[in-house]
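Chain and residue survey
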Amino acid sequence: MISFSNVSKQYGGQILFLEASFHLGDGEKVGLVGPNGAGKSTVFRLITGEEQPDDGLVDRPKRTTIGYFRQDVGDLKGRSVLAETLSGAGEAGRLGEEMKELEAKLNDPEDPGFNDAVERFGDVQARFQELGGYDLEARAQAILAGLGFSPQQVEGDVGNLSGGWKMRVALAQILLARPDALLLDEPTNYLDIESILWLEGFLRDYQGSVLMTCHDRDVMNRVVKKIVELDGGEVKSYSGDYEFYEQQRALAAAQQQAQYERQQAMLAKEKAFIERFKARASHAAQVQSRVKKLEKIEKVEPPRRIIEKTFDFRPAPRSGDDVIKVEGVKKKYGERAIHDGLNLLVRRTERWAVMGENGSGKTTLLKMMANALTPDAGKVTVGASVTMGYFAQHQMEQLTADRSVIEELVAHSPTTNLGTLRSLAGAFGFHGDDHDKPIRVLSGGERARLALAKILFDAPNLLVLDEPTNHLDIVTKRALVKALSQYEGTIVFVSHDRAFLRAIATRILELSPKGPHVYGGPYDEYVATTGREAPGMRQLES
């Protein structure tokens, strides 16, 4: 369907790909991976024709329809969420709009365009039916429900939604259009776990082709059957899911490393011989022969390695045994009770994951624990010697846009020497010139890392984390999981990332319409006990 043949592309002095080739076949599900700046978004823009290759060919049949979901969305407003979704339904959506206009003319036989409208209506209606247009609204409703929209939201003005919910509308438009190929740039970034699971199933069953970047390894393992890796100007394809790709990449790197070391040992031996005998006339022929041999040898390069980030915690002071006590907490928004007499005791070194559908009060509970919100009744007590680090969903908005990365860290801890703060920045993936980058130009993942750096530098013995992995790539998530696994304090968190839940949680608090329920084991035990991966899945699967 879509193929890259010997494609080269560079910006200024940066080469993104050099003679890169890969193929996206009909119905194929492919994951696109690579470090930041490797050119993943450029691949999408080359496919859509927004950019052209410097050399080589991007072949896409003319009749192939493309749906491209990207991380920026226009200023949506003035229509209901349902109407906005239907407007993105491609040809079927446009024909539906035209049919409404024609119907208005057909209601007035005196209209000068009546006869033309009669003739045109027949053609439009036939094509609309052929494209499944009469099912369009029902499909739109199903997609919006799958992405977490309530019936009230579906009928409400799209302009009243937050940026994250508008991203869901943009995704719904593309899924409704059913193009031949879906290009998805981080489609799970703004989704809760129920919506991610729904999208996972949708993409698995999708008849068209899918090319996607995604920081959720569970999605990559369950949806894609091929990985295309961009790194250092090279493009490599691996047949299999993300886990298979990691295994094959590690195996290839180990083999290349062994080959490189063998060659280095041989080169060292030959160079030692040349150095030893180059001044002896009796060995001149042998020395010359070996010099020529070394000149002809094709050098083996050491394997390119994914740079693993390392987040180091300073040892946190020990807290008391009772870290947080929630007693009879009630909280309402208007007439709607979010929490009605909630009780919970969090003890030292426990790691609680708070789970629940949208609107169940997960963020509200974390805000009350962090003293960022006051309960209507009851109380939240923080224990003796507890120092808290709180990462809110909108923590990144607290960063000062005009400061550089290092200036933000200096402002956070003005008495700490600059060398220590530069080391801190390095530990969170900011190296060299990155220290002087203005915060306003940082990506979502970079901002999240900076916000986490500020919190973790303070060495709290309690971490309250609301979606800490949002916008983090798989490598950064792995580093955060490793750091939190070695952390000796207490953690209460919300996350839509199943790999993160699996690695960190030792207890689950599920918030549901029937009330709170505690599961005294890790996430996999919760899944085995309940038979579902998230609280809302029974409802979605029924």
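Values in this document were obtained by computation on a predicted structure and should not be read as measured data.

Rules used throughout
Residues numbered from 1 in each chain as written. Predicted model: local features only at pLDDT ≥ 70, side-chain atom pairs only at ≥ 80, totals over all residues. Heavy atoms only, no water. Helix = DSSP H or I, 4+ residues; strand = E, 2+ residues; numbered from the N terminus. Buried < 20%, exposed > 50% of the residue type's maximum accessible area, 1.4 Å probe, protein only. Contact = heavy atoms within 4.5 Å. Phe/Tyr/Trp six-rings, centres within 6.5 Å; stacked < 30°, edge-to-face > 60°. Lys NZ or Arg CZ within 6 Å of the ring centre and 35° of its normal. Polar contact = N/O pair within 3.5 Å; in protein donor to acceptor, adjacent residues only side chain to side chain. Axes fitted to C-alpha atoms, helices over the stretch in contact; angles between N-to-C directions. Parallel < 35°, antiparallel > 145°, perpendicular 65-115°, else oblique. Left-handed = near helix turned anticlockwise from the far one by under 90°. Domains from an automatic or database assignment. Pairing = 2+ DSSP bridges. Core = buried A, V, L, I, M, F, W, Y, C linked by side-chain atoms within 4.5 Å.

The next subject is the overall build of the chain. A tally of regular secondary structure across the chain gives 19 helices and 18 strands. On the principal axes, the C-alpha backbone points of the chain span a range of 110 × 75 × 45 Å. By residue count, 49% of the 542 residues in the chain fall in the buried class. Taking contacts inside the chain between residues at least 6 apart in sequence as the whole, the part at least 24 apart equals 67%.

Looking now at the packing of aromatic side chains. Across all of its chains, the model carries twelve aromatic pairs by this definition. Taking the centre distance of 4.9 Å and the plane angle of 70° together, the rings of Phe149 and Trp165 count as edge-to-face. Pair noted here: Phe149 is in the loop between α5 (136-146) and α6 (151-155) and Trp165 is in helix α7 (residues 163-177), with a separation of 16 residues, a long-range link. We note that Phe149, like Trp165, is buried. Ring geometry for Tyr519 against Tyr526: centres 5.0 Å apart, planes inclined by 85°, an arrangement best described as edge-to-face. Grouping aromatic residues by their ring pairs yields a cluster made of Trp198, Phe202 and Tyr206. A cation over a ring is seen here: Arg290 above Phe273, with NZ or CZ 3.7 Å from the ring centre. Just above the ring of Phe430 sits the side chain of Arg449; from NZ or CZ to the centre is 4.8 Å.

Right, let's get into the environment of Arg217. Relative to the elements of secondary structure, Arg217 occurs in helix α9 (residues 217-223). Aside from chain neighbours lying at most four places away, what touches Arg217 is Tyr242, Glu246, Ile474, Arg478 and Ala499. Among the polar contacts listed, one links the side chain of Arg217 to the side chain of Glu246, at a separation of 2.7 Å.

So, on to the packing of helix α13 (residues 405-412) against helix α14 (residues 418-427). For the pair α13 and α14, the least separation of the axes is 10 Å and the interaxial angle reads 120°. When the axes of α13 and α14 are compared, the pair comes out oblique. The crossing of α13 and α14 is right-handed. For the pair α13 and α14, contact is made by Ile406, Leu409 and Val410 and by Leu418, Leu421, Arg422, Leu424 and Ala425, respectively.

Often the size quoted for an interface is simply the accessible area lost on bringing the parts together. Domain boundaries in the chain define domain 1 (1-65 + 179-240), domain 2 (82-162), domain 3 (246-296) and domain 4 (322-530). The distance between the C-alpha centroids of domain 2 and domain 3 comes to 70 Å.

Looking now at the pairing of strand β2 (residues 14-24). One ladder, built from seven bridges, connects strand β1 (residues 2-11) with β2; its direction is antiparallel. Bridge assignment links Lys9 to a residue of β2, and that residue is Phe17. Taking the residues between adjacent antiparallel strands as the criterion, β1 and β2 are bridged by two residues, where Gly12 takes a positive phi near 60°.

Right, let's talk about the sheet that holds strand β9 (residues 234-239) for a bit. The strand order β5-β6-β7-β3-β8-β9 describes an open sheet built from six strands, whose pairing is mixed. The open sheet has two free edges, formed respectively by β5 (66-69) and β9, since each of these has just one partner strand. Recorded for the sheet is a direction-independent mean angle of 15° between the axes of neighbouring strands. The pairing of strand β8 (residues 226-231) with β9 spans six bridges and is antiparallel.

The next subject is the sheet that holds strand β17 (residues 507-512). Sheet architecture is open: six strands sit in the order β14-β15-β16-β12-β17-β18, paired in mixed fashion. Lying at the two open borders of the sheet, with one neighbouring strand each, are β14 (388-391) and β18 (515-519). Ignoring which end each strand starts from, the neighbouring axes of this sheet average 15° apart. Of the pairings in the sheet, the one linking strand β12 (residues 351-356) to strand β16 (residues 490-494) comprises three bridges and is parallel in character. Directly across from Arg351, in β16, lies its bridge partner Ile491.

Bringing the nonpolar core into the picture now. Counting 46 residues, the largest nonpolar core has Phe149, Leu203 and Met212 as the members making the most contacts within it. Top element by residues in this core is α7. It accounts for nine residues. Excluding anything up to four places from it in sequence, Leu203 contacts Lys29, Leu182, Leu184, Val210, Met212 and Val223. Within the second largest apolar cluster, 45 residues are counted, among which are Leu409, Leu450, Leu463 and Leu480.

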